[in-house]
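# What the coordinates show
Residue strings, one per chain:
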Amino acid sequence: MNREEYMKRLEYRLRRLPKEDYDKARSYFTEYFEEAGPENESQAIEDLGSPEMAADQIIRDFAMENADKPVRDVKRGMSAVWVGILAVFAAPVGVPLALALGILALSFVFVILILVFCIFILTLSVAVSAIPCIIIGVWMLFTSFADGISTIGVGLLGLGIGYWLLIGSIALGKGVLRLMTRLFGKAAEGRKYHHERRNLQ
């Protein structure tokens, strides 16, 4: 196997990574081969191991790295969770066990994200429903000033509550993504430790 074949198989194995992580992994291996030079290409391939093993290892490394980073935004948090799920599938365990763990992880993520989404929609509806209340209150000012003021007050109160609930639900979503990222990272780290320990025995 030469460098071109190795990189082709490696890239195929890494194709499900988010683009940022895929590019980072590809750059790492490209630089590795360039530093080794054409004369040491065979030795570099031998040191790296098979493309499949190298790809699985770097996926687990990304998952462990993400576990130690704060969630910058929801998009990056979702990417980190996805890498964690890939790390579960890349864990050095039997295929049936890896498949079961992967399905369990996907189900867990799906349920949690649905709950967070429901909370977000609920809080958004509270904030949005306050806007018609304010409009009606303004209209009522011309018929009954007291009723109009009280209706506007209720609407503003609902808008304020909805706003803070919305901020809270976004923070909750980031916290959940952070927790899941840490759990998957720790799982990948544990699998790596047990795999290395078996290799030493």
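The rules behind the values
Every residue gets a number counted from 1 within its own chain, in the order that chain's sequence is written. Only residues with pLDDT of at least 70 are given local features in this predicted model, and only at 80 or more are side-chain atom pairs given and counted; all residues enter the totals for whole chains, interfaces and linings. To obtain the side-chain values, all non-hydrogen atoms of the structure were included, while hydrogens and water were left out. Secondary structure counts use DSSP, requiring at least four H or I residues in a row for a helix and at least two E residues in a row for a strand, with both numbered from the N terminus. In this description, contact between two residues means that some pair of their heavy atoms is separated by no more than 4.5 Å. To estimate the expected span of a helix, count its residues, drop one, and scale the result by 1.5 Å. We define a polar contact as two N or O atoms separated by no more than 3.5 Å, with the added condition that, inside protein, one atom must be a possible hydrogen donor and the other a possible acceptor, whereas residues neighbouring each other in sequence contribute only through side-chain atom pairs. In this scheme, patches are assembled from residues that exceed 30% relative accessible area and form no salt bridge. Like charges are connected within 9 Å, while nonpolar side chains (Val, Leu, Ile, Met, Phe, Trp, Tyr) are connected within 5 Å. Note on areas: these come from Shrake-Rupley sampling with a 1.4 Å probe, and a residue is covered only by the protein chains present in the view. We define a salt bridge as a contact between a side-chain nitrogen of Lys or Arg and a carboxyl oxygen of Asp or Glu at a distance within 4 Å. Throughout, exposure labels follow a simple rule: accessible area from a 1.4 Å probe, protein chains only, divided by the maximum for the residue type, with under 20% read as buried, over 50% as exposed, and the rest as partly exposed. By nonpolar core we mean a set of buried residues, namely Ala, Val, Leu, Ile, Met, Phe, Trp, Tyr and Cys, connected to one another through side-chain atoms within 4.5 Å.

### Some remarks on the side chain of Thr30
Along the polypeptide, Thr30 turns up in helix 2 (residues 19-36). In this structure Thr30 touches Arg3 and Met7, once residues within four positions along its chain are discounted.

### Re helix 1 (residues 3-14)
Compared with an ideal rise of 1.5 Å per residue, which puts 12 residues at 16 Å, helix 1 spans 16 Å between its outermost C-alpha atoms and is within 8% of the ideal. For helix 1, the side-chain oxygen to backbone nitrogen distance between the N-cap and Glu4 is 3.2 Å, and the N-cap itself is Asn2.

### Remarks on a nonpolar patch on the surface
A cluster of nonpolar side chains, contributed by Phe110, Val111, Ile114 and Leu115, occupies part of the molecular surface with about 390 Å² of accessible area. Structurally, the position occupied by Val111 is in helix 6 (residues 95-140). Given the relative accessible area of 47%, Val111 is considered partly exposed.

### What about the nonpolar core?
Counting 22 residues, the largest nonpolar core has Leu10, Leu14, Leu17, Phe29 and Phe33 as its most contacted members. Ignoring anything within four residues of it in the chain, the contact list for Leu14 reads Tyr22, Ala25, Ala55, Ile58 and Ile59. Of all hydrophobic cores here, the second largest spans 6 residues; its members include Val109, Val116, Val176 and Met180.

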